[in-house]
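Coordinates in review
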Amino acid sequence: MQHYRNFRFGTIDFSECIASIIEANYDAIYLRFYLPGRDTISFLKKIKKACPHIIILLEYPTSNIENLFKLNIVSRVGHFMNRKKIRRLNQLSDYFLILTKDQTLYGKPAIFMANGIIVDDIRPVGVPPLTNEIVLLAVASDAIFSHGFDKVIKGLSIYSKGKKQLNVVFIIVSNPLSKNINYLKILAKELEVENIVRFEPPKSRKELSEEYKKVHIGIGSLAAHRINLKNNYSLKHREYGAFGLPFVMCTGDEYFENSPFVLTVESDEQPLDIQQVVDFYISLRNNHPTYPQEFRTSVEGKITWEAQLKDVFEVINK
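Residues numbered from 1 in each chain as written. Predicted model: local features only at pLDDT ≥ 70, side-chain atom pairs only at ≥ 80, totals over all residues. Heavy atoms only, no water.

1. Overview of the state of the cysteines
The final tally for this structure, using the stated rule, is 0 disulfides. Cys51 carries a free sulfur, and the closest cysteine sulfur to it, the one in Cys17, is 12 Å from it. For Cys51, a relative accessible area of 4% gives the class buried. (Disulfide = S-S within 2.5 Å. Buried < 20%, exposed > 50% of the residue type's maximum accessible area, 1.4 Å probe, protein only.)

Right, here's the structure in full:
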C-alpha cells in the first residue's frame, strides 16, 4: 500500500512550501529526477502559473534512468504508473542537467554537469608505509554489479597463483545487506582468496578518513559497461581525489583519465590486472613521493560543486 501511495502521489508533499516559493520570487527551482507522482506535477504547474519567469532545472542523475526501473517488479510497476507523469515532468522543465555532452534532451536544452564534492573539510592523506603489502580499498553504499568489484577478486586469484612481488589485500566497505555482497563473498571463497578479501560495514566520513590514511589505492567504478554507460563520473572518484588517494577506474571519467595519479583500465569483463596495479603504485611512489598533496592540488579546482555548477548559474543569470 505504501508503494502504491508513493507511486501515485509521489514521495514529497510540496503543498506546504508553494506559498513561500511564490512569495520569495526565486529565479530557479532545482529538482533531481525521481518518480514524480501526482503531487509533483501539481506543484510545478502552480509554480509555472504564478511565476512564469522561474526556471525549472531537472537533473537526470544517470543517462539510462529507464533501464534502472527494469531491475525488479516494484520498479517496473512504479515506472508504468508514472510514465505519463514523467513525460509531463519533462514538459514542465526548462533545462535538463545530465552526465553526457548532448545539447538537448526530450526536446529541451541540456547542460552537462558531473558530480561534485565539498573539499573544504577534507585534508589530503599522508603517504602510507610500504613494506611487503599493498592494500586496495573499495567504498560503496551499495556494492552493485556495475562497480566491478568481482573483477578485482578474479584478478587477485590470478595474481596470488603467480610469482608475487608484493602481497595485495582487498577491503570492501559496503552495506552488508547489499544484494551483491553475498555473491562477492562466495566468489572470493570459490577462488580461494577469502583470506585476502575483507568485507567491512559502512563507515562515517570520520572513520573513512582514518581508513584512507592506511590504504594505498582506491578502487573506483570498473564496469560501467554493465549498465550501458560510457560515462563514469563516480562520486567516489571525486572523494578519492579530494583525499589524494590514487585509484583505479574504468574509462569514461575525463576528469581523471590523464592523471598520473589514476590508473585507467578498460570497462570490460577482463579481471583486473593486479600486477599492473602494483607496478602503477610503485612507479607513483618513485616519481611522486608526495603524491597525496600533488593529486589533491591537481583536481581540487575541477571537482568542487562550484566548478560543476558554473554552467548552471550562467543559464540562471541570463
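2. Let's talk about helix α5 (residues 73-92)
Between the first and last C-alpha of α5 there are 28 Å, a value that for 20 residues agrees with the 28 Å anticipated at 1.5 Å per step. If you look at α5, its biggest bend is around 55°, right at Arg83. For α5, the complete set of buried residues consists of Ser75, Gly78, Asn82, Ile86, Leu89, Asn90 and Leu92. (Helix = DSSP H or I, 4+ residues; strand = E, 2+ residues; numbered from the N terminus. Expected span 1.5 Å × (residues − 1). Bend = angle between axes of the 7 residues up to and from the residue.)

3. Remarks on a nonpolar patch on the surface
A cluster of nonpolar residues, Ile73, Val74 and Val77, forms a patch on the protein surface that exposes about 230 Å² of accessible area. Position of Ile73 among the secondary structure elements: in helix α5. Judged by its relative accessible area of 54%, Ile73 falls in the exposed class. (Patch = residues over 30% accessible without salt bridge, like charges linked within 9 Å, V, L, I, M, F, W, Y side chains within 5 Å. Areas by Shrake-Rupley, 256 points an atom, 1.4 Å probe, with all protein chains shown as cover. Salt bridge = Lys/Arg side-chain N within 4 Å of Asp/Glu carboxyl O.)

4. Considering the sheet that holds strand β2 (residues 55-59)
With respect to topology, 5 strands assemble into an open sheet ordered β1-β2-β3-β5-β4, the strand pairing being mixed. Among the strands making up the open sheet, the edge pair consists of β1 (28-32) and β4 (104-105). For β4 and strand β5 (residues 108-112), the ladder comprises 2 bridges, and the chain directions are antiparallel. Among the inter-strand pairings, Leu105 is bridged to a residue of β5, identified as Lys108. Where helix α13 (residues 310-317) meets the sheet, it contacts β1, β2, β3 (95-98) and β5, and its direction lies at approximately 160° from that of β2. (Pairing = 2+ DSSP bridges. Contact = heavy atoms within 4.5 Å. Axes fitted to C-alpha atoms, helices over the stretch in contact; angles between N-to-C directions.)

5. Side note on the sheet that holds strand β8 (residues 197-200)
Each strand in a sheet pairs with its neighbour through backbone hydrogen bonds, running either in the same direction (parallel) or in the opposite one (antiparallel). The 6 strands are arranged β8-β7-β6-β9-β10-β11 in an open sheet whose pairing can be described as parallel. Only two strands of the sheet have a single neighbouring strand rather than two, namely β8 and β11 (262-265). Adjacent strand axes in the sheet meet at a mean angle of 25° when their direction is disregarded. Pairing geometry for strand β6 (residues 133-140) and strand β9 (residues 217-219), over 3 bridges, is parallel. Its bridge partner being in β9, Ala138 is matched across the sheet by Ile219. This element, helix α7 (residues 181-190), spans β7 (167-174) and β8 of the sheet and lies at about 155° to β8.

6. A word on the environment of Ser42
Of note, Ser42 is situated in helix α3 (residues 37-50). Residue Ser42 is classed as partly exposed on the basis of its relative accessible area, which comes to 31%. For the pair Ser42 and Val127, spaced 85 residues apart in the sequence, the C-alpha separation amounts to 54 Å.

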